[in-house]
Amino acid sequence: MHKMFDFNPAIGAWTGSLGLPEFAKIKAEDFEATFATALSAHLQEIDAIAGDREDPTFENTIVALERSGELLTRASSLFWILASAHTNDVLQALERKLAPELSRHSSAIMMNPALFDRIDALYQTRDRLCLDAEADRVLELTWKSFVRSGARLNDTDRKRLAAIDERLATLGAVFSQNVLADERAYEIILESEEDLAGLPDFLISTMRAAAEERGHANTHVVTLSRSIIEPFLTFSSRRDLREEAFKAWGARGEGAGERDNRPIAAEIVRLRAEKAALLGYETFAHLTLEDTMARTPESVDDLLRAVWQKARLRAMEEAADLSRLVAADGYDLAAWDWRHYSEKLRLARYEFDEAELRPYLQLEKIIEAAFYVAQRLFGIRFRRIEDAPVYHPDVRVFEVLDDSGERRAVFLADYFARPSKRSGAWMSVLQVQHKLRRGRGESGQIPIVLNVMNFAKAVAGEPVLITMDDARTLFHEFGHALHGMLSDVTYPSISGTSVSRDFVELPSQLFEHWLTEPQVLQRYAVHYRTGESIPESLVAKLRAAEKFNKGFANIEYTSSALVDMALHALGPDDAARIDPMKFQAEYLADLDMPAAIVMRHATPHFSHVFTRDGYSAAYYSYMWSGVLDADTFEAFREAGDVFDSATARKLRRFIYSSGGSMDPEQAYIAFRGRLPKPDALLKKVGLA
Ligand SMILES: [Zn+2]
């Protein structure tokens, strides 16, 4: 027996209602001992698999691996959810300590020669194993991931690779904590009436609620939360305050000393290039892209640059229009003017006012709308469970029922910003769906999925009103959640969102399309005071204005995706030499980046790319998936009904339920009968 450490059983055995962990019984201090136990238990299981005297079989090797590490899986999913959505000093310290430990642990498994020999023996004889398609794919993916983790390297190279991975894990944790620290620390307190000039009521009350939460009662604060900073930059007519806030927003991750992410990004880029070289790849981008739909940096570049060219021309026209307005006020157009003046121009051109839309966008109704669309498409229903265990009182729990009334998933939703939460919006998984039997009568497990967002709370007694962007974000993350909740596969490693990075944004981006369908808006975009549906004239203006400012939006995104790809398409020698800020500046200059637009995510706070979950060399995925989701939604249009049941059935089977059980290209063809047509993308991003 391995040594049993003293650990809290509530982390491993989820005995709360709906199979949830009993969060109230878990303290941050409990994780360390639990991880120690979980890691050693997992290694024991691995040793038993690797040292099995029987010849390797799919069952005693691959299935055994799939089953192994249950306590570790549970402890990890709980820990990372808390570390992102409700962290504290203890969790943060443990995150820095655990990141390299978990990386060491994973290296020890992926580079275990006896284990790999068994997997390799199976893989080399796979034609004779008579596996079903799903099992065959799991074998292939397992073998590839071992190879890509260094299983075939010599001893020296293995050690170096393990050291690199360990260091990268630490750097990723520090990078993300630095961004959070900068976001938490920053605020502008607005005390006088003049400081509020131009701000609509909703923003004033949101900023008041934020001030109260931060202990500055009876004032208003500008924070770096997207749901405050973006409307502030849009509406504030105080150019000095806009400039101050914009610069702070753009400087996240550039804090002095230990909080400076610039040297961290440089080291990450260098280590990733070295890792790729060790594994025999030209660059880190080649390593990452091998297993995606895009496959090569060149095909990514082709797509991004095609959009970039069109976006840039459009953005130059937009800049010229805005410059005229700004000049009338006596300035030259600067980056902190763009949102403000484009809002004025939009108002003038389309008579469309974001603030006019807002009373119709109640958070609670938009949540209902997301549930409604899921029900129409997939026949599932959401039932709120009031007394289920949660890690923070703001978290809501829903039971997800199939049309037969059977529970098929549990959904947790955590919508509001707070200082213990990192910024952005995401989906996490507490428990993946699978169908591996453990004991008699037990057939796998249902998924438990989480959506986390950062909406600002309203002042007490008022409904939370959100922007159209917020509503899109909610639909987007809910699409990811459905991908996890509708999963219907046998093996955990290919469950739900465990698909190629450039395919994973398809279920999420696709779901956004239904938000602005008339059938949905009429029902759920209702005025919070009068209960009246959004007027058709306002919807028409919304649609007309949708093409507005698309040069800006696409430049913001595409420049980030291009810089991400360029940084990771450097060979090891170049990567060892670069200063990422200088590289970024020169690269943008070469691209002819419009002067008054900045990257949506500059390198020092580009968490997608530099923290642990990894959209590194993969930020392009949103656009790649964009080709797919635009073409997928067209299938409903062609069927003449956005809820067409035959199309929805295929969509569920091949896209939302199949996880990684199929090659993504084949899954898409199975759904659509062909590969996507790229023209749909330009229409979708408003550049057709
Ligand atoms: Zn997404």
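These notes cover the structure that comes with them. Everything numeric in this text was worked out from a predicted model, so none of it was measured. (Residues numbered from 1 in each chain as written. Predicted model: local features only at pLDDT ≥ 70, side-chain atom pairs only at ≥ 80, totals over all residues. Heavy atoms only, no water.)

### Remarks on the overall build of the protein
Cut-off, in case you're wondering: Secondary structure is summarised from DSSP: a helix means a run of H or I of at least four residues, a strand means a run of E of at least two, and numbering begins at the N terminus for each. C-alpha atoms define the radius of gyration, and 2.2 Å times the number of residues to the power 0.38 defines the globule rule. Burial classification: accessible surface area is computed with a 1.4 Å probe over protein chains only, and a residue below 20% of its type maximum counts as buried, one above 50% as exposed, and the rest as partly exposed. Pairs of residues are marked as contacts when any of their non-hydrogen atoms sit within 4.5 Å. Where accessible areas are quoted, they stem from the Shrake-Rupley method and a 1.4 Å probe; at the residue level, only the protein chains shown are allowed to cover. Under the convention used here, Asp and Glu are negative, Lys and Arg are positive, and both His and the chain ends fall outside the count. Charge positions come from single atoms, namely NZ of Lys, CZ of Arg, CG of Asp or CD of Glu.
The helix and strand tally for the protein stands at 28 helices and 9 strands. Taking 2.2 N^0.38 as the reference for a compact globule, 688 residues should give roughly 26 Å; the C-alpha atoms of the protein span a radius of gyration of 25 Å, in line with that estimate. The principal-axis extents of the C-alpha atoms in the protein amount to approximately 80 × 60 × 55 Å. The 688 residues of the protein split such that 59% are buried. Of the contacts formed within the protein by residues at least 6 apart in sequence, a portion of 75% connects residues at least 24 apart. On the protein, roughly 28400 Å² of surface is accessible, and the fraction owed to carbon and sulfur atoms is 49%. Of the charged side chains in the protein, 83 are positive and 104 negative; the average position of the first set lies 2 Å away from that of the second.

### What about the pairing of strand β4 (residues 396-401)?
Under the convention used in this document: Strand pairing is assigned whenever DSSP detects at least two bridges linking the two strands.
In terms of residue burial, β4 counts as a mostly covered element, since 6 of its 6 residues are buried. With 4 bridges connecting them, strand β3 (residues 381-384) and β4 associate as antiparallel partners. Opposite Phe-382, over in β4, you have Val-400 as the bridge partner. Turn length for the β4-strand β5 (residues 407-416) hairpin, with the two strands adjacent in sequence and antiparallel, is 5 residues, and the turn residue Gly-405 shows positive phi of about 90 degrees.

### Examining the packing of helix α9 (residues 226-235) against helix α14 (residues 338-350)
Filter applied, for reference: Lines fitted to C-alpha atoms define the axes here, with helix axes fitted over just the stretch in contact, and angles between the N-to-C directions of these axes take values from 0 to 180 degrees. Handedness of each helix crossing follows the sense of rotation of the near helix against the far helix: counterclockwise by less than a right angle gives left-handed, clockwise gives right-handed. Put simply, Ala, Val, Leu, Ile, Met, Phe, Trp, Tyr, Cys and Pro go in the nonpolar bin, Asp, Glu, Lys and Arg in the charged bin, and everything else, Gly too, in the polar bin.
Look at α9 against α14: their axes get within 6 Å of each other, and the N-to-C directions meet at 60 degrees. Judged by the sense of rotation from one axis to the other, the crossing of α9 with α14 is right-handed. Taken together, the residues of α14 that come into contact with α9 (itself represented by Glu-230, Leu-233, Thr-234 and Phe-235) are Arg-339, His-340 and Glu-343. Of the residues that constitute the contact of α9 with α14, the class distribution is 2 nonpolar, 2 polar and 3 charged.

### So, the coordination of the zinc ion
Metal coordination angles have textbook ideals: 109.5 degrees for a tetrahedral set of four donors and 90 or 180 degrees for an octahedral set of six. Heads up, the rule is: Distances up to 2.8 Å from the metal define which N, O and S atoms are donors, and 3.2 Å serves for Na, K and Ca; water is absent from the atom set, so sites may look incomplete. Each label reflects the angles at the metal, where four donors whose angles all fall between 85 and 135 degrees are tetrahedral, four or six donors whose opposite pairs open beyond 155 degrees and whose other angles stay between 65 and 115 are square planar or octahedral respectively, and the rest are irregular.
Note on the zinc ion: its protein donors are His-476 (NE2), His-480 (NE2), Glu-505 (OE) and Glu-505 (OE). The metal-donor distances range over 2.1 to 2.8 Å. Coordination at the zinc ion is irregular: its 4 donor atoms span angles of 51 to 141 degrees at the metal. We note that the donor set of the zinc ion lies within a single chain, spaced as H-x3-H-x24-E. With a gap of 29 residues between them, His-476 in helix α17 (residues 468-485) and Glu-505 in helix α18 (residues 501-515) connect regions that are remote in the sequence. Look at His-476 and you get buried, because its relative accessible area is 9%. Its relative accessible area of 1% is what places Glu-505 among the buried residues.

### Some remarks on the side chain of Asp-182
For Asp-182, the location among the structural elements is in helix α7 (residues 155-185). Apart from the residues lying within four places of it in its own chain, the contact partners of Asp-182 are Leu-224, Ala-251, Arg-252, Gly-253, Glu-254, Gly-255 and Arg-259.

### What to know about the packing of aromatic side chains
Where we set the bar: When the centres of two rings from Phe, Tyr and Trp lie within 6.5 Å, Trp using its six-membered ring, the rings pair. Their planes under 30 degrees apart give stacked, over 60 give edge-to-face, and anything left gives tilted.
Across all of its chains, the model carries 39 aromatic pairs by this definition. Note on Tyr-350 and Phe-548: the rings are 5.7 Å apart at their centroids and 65 degrees apart in plane angle, and the pair reads as edge-to-face. Note that Tyr-350 is positioned in helix α14 and Phe-548 in the loop between α20 (536-545) and α21 (550-568), a separation of 198 residues in sequence. Classification of Tyr-350 as partly exposed rests on a relative accessible area of 23%. Plain terms: the ring middles of Phe-633 and Phe-636 are 6.3 Å apart, the flat faces sit at 35 degrees to each other, and that makes the pair tilted. With Phe-633 and Phe-636 both in helix α25 (residues 621-639) and 3 residues apart, the pair spans about one turn of that helix. We classify Phe-633 as buried; its relative accessible area is 5%.

### Overview of the environment of Val-627
For Val-627, the location among the structural elements is in helix α25. For Val-627 and Pro-676, which are 49 residues apart along the polypeptide, the C-alpha to C-alpha distance reads 6.7 Å.

### Description of the packing of helix α2 (residues 58-67) against helix α5 (residues 113-124)
A pair of packed helices is characterised by two quantities: the angle between their axes and the separation of those axes. Running from N to C, α2 and α5 point in directions that differ by 115 degrees, and their axes come no closer than 10 Å. Pair α2 / α5 crosses with left-handed handedness. Along its contact with α2, which presents Phe-58, Asn-60, Thr-61, Ile-62 and Leu-65, the element α5 presents Leu-115, Arg-118, Ile-119 and Leu-122. Residue composition of the contact of α2 with α5, by class: 6 nonpolar, 2 polar and 1 charged.

### Comments concerning the nonpolar core
Soluble globular proteins: nonpolar side chains tend toward being buried together. The line we're drawing: Only buried residues count toward a nonpolar core, which is a set of Ala, Val, Leu, Ile, Met, Phe, Trp, Tyr and Cys residues joined through side-chain atoms within 4.5 Å.
Grouped together as the largest cluster of nonpolar side chains are 145 residues, with contacts concentrated most on Phe-411 and Trp-514. Sort the elements by how many residues they give to this core and helix α16 (residues 363-378) lands first, with 11 residues. Setting aside its immediate chain neighbours within four residues, Trp-514 contacts Val-373, Leu-377, Phe-475, Val-520, Phe-633, Phe-636, Val-642, Phe-643 and Leu-651. Membership of the second largest hydrophobic core comes to 37 residues, among which are Ala-28, Phe-35, Leu-102 and Val-452.

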